Amino acid sequence: MEEHVHHVEHPDMYDPESSKIGMWLFIFTELLLFGGLFLVYSVYRFMNPDAFHMAAVELNTTIGAFNTVILLVSSMTIAMSTSALQKGQKNLTIGLVVITFLIGIGFLVNKWFEWGVKFDHGIWPGSEHMIENMSQGEILFFGLYFVMTGLHALHIIVGLVIMGFAIRGVSNGKVNPDRPSMLENAGLYWHLVDLIWIFLFPLFYLIT
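Remember, it's a predicted structure, so these values are computed and weren't measured experimentally. (Residues numbered from 1 in each chain as written. Predicted model: local features only at pLDDT ≥ 70, side-chain atom pairs only at ≥ 80, totals over all residues. Heavy atoms only, no water.)

Trainee: Can you walk me through the nonpolar core in this structure?
Mentor: What tends to happen in soluble globular proteins is that the nonpolar side chains get buried as a cluster. Judged by nonpolar contacts, the single largest core of 50 residues is most densely connected at Phe141, Phe142 and Phe204. Mapped onto this core, the elements with two or more residues apiece are α2 (16-47), α3 (49-56), α4 (61-86), α5 (90-120), α7 (136-171) and α8 (181-205). The element that contributes the greatest number of residues to this core is α8, accounting for 14 residues. (Core = buried A, V, L, I, M, F, W, Y, C linked by side-chain atoms within 4.5 Å. Buried < 20%, exposed > 50% of the residue type's maximum accessible area, 1.4 Å probe, protein only. Helix = DSSP H or I, 4+ residues; strand = E, 2+ residues; numbered from the N terminus.)

Okay, structure coming up:
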């Protein structure tokens, strides 16, 4: 009887299992993509250990560490938002997702400034300064740095978009304790983004 009422209220055939399986498959393909890049990084680092250490000195470890801390906090806030939704605490849910969203923006702003400093120093893929003054190994390091952190930043933006939909869904009641998939998927994706950064941070910033 209850199920019948559910279908009357939501004729759009809500299927939480398919939604979750779809997100897990998507996460798996993302892990394959970054796994391939980590493998390329490992090979190049093995071949150019000294150059990689020299290049890593150019990176700002403090900004990298700060970004790591705020992303870990954001993983906690988005996990808390799912718990709040299950308890029916709508405003708290929205508040926690908004905090996560703002942390994501903060991460991107930090990354923008960090990249800006590199550009000021003439460091970007194919720059004259790099070609004239850096070894092949250092050029490879920065090539990987820009590709992998750039791709990660793109994933942050995708995560923010998914969160935006989740916030709207919770606000208009379409995402609720009976239909939490959108928020749960936003959380899963955000945890993936954090996990990738936890690998990127030591690989690029802590090898000095």
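Trainee: Just to check I follow, could you spell out the pattern of salt bridges for this structure?
Mentor: Side chains that differ in charge, positive against negative, can pair when their charged atoms come close. According to the stated counting rule, one finds two salt bridges in the structure shown. In this structure, Lys20 and Glu184 form a salt bridge, with 2.8 Å as the shortest nitrogen-oxygen distance. Separated by 164 residues along the polypeptide, Lys20 in helix α2 and Glu184 in helix α8 bring together distant segments of the chain. Of the residues examined, Glu184 reaches a relative accessible area of 18% and is grouped as buried. Between Lys111 and Glu114 there is a salt bridge; the shortest N-O distance is 3.0 Å. Of this pair, Lys111 and Glu114 both sit in helix α5, three residues apart, which is roughly one turn of the helix. (Salt bridge = Lys/Arg side-chain N within 4 Å of Asp/Glu carboxyl O.)

Trainee: Looking at this model, I keep getting lost on α4. Mind explaining?
Mentor: Residues spaced three or four apart along an α-helix face the same direction, because each turn holds 3.6 residues. For α4, spanning 26 residues, the distance from its first C-alpha to its last is 38 Å, which sits close to the expected 38 Å at 1.5 Å a residue. Backbone nitrogen of Thr62 and a side-chain oxygen of the N-cap are separated by 3.0 Å at the start of α4; the cap is Asn60. Immediately downstream of α4, the backbone of Gly88 shows phi near 75°, a positive value. (Expected span 1.5 Å × (residues − 1). Polar contact = N/O pair within 3.5 Å; in protein donor to acceptor, adjacent residues only side chain to side chain.)

Note that all results are geometric; they support no functional claim without further evidence.
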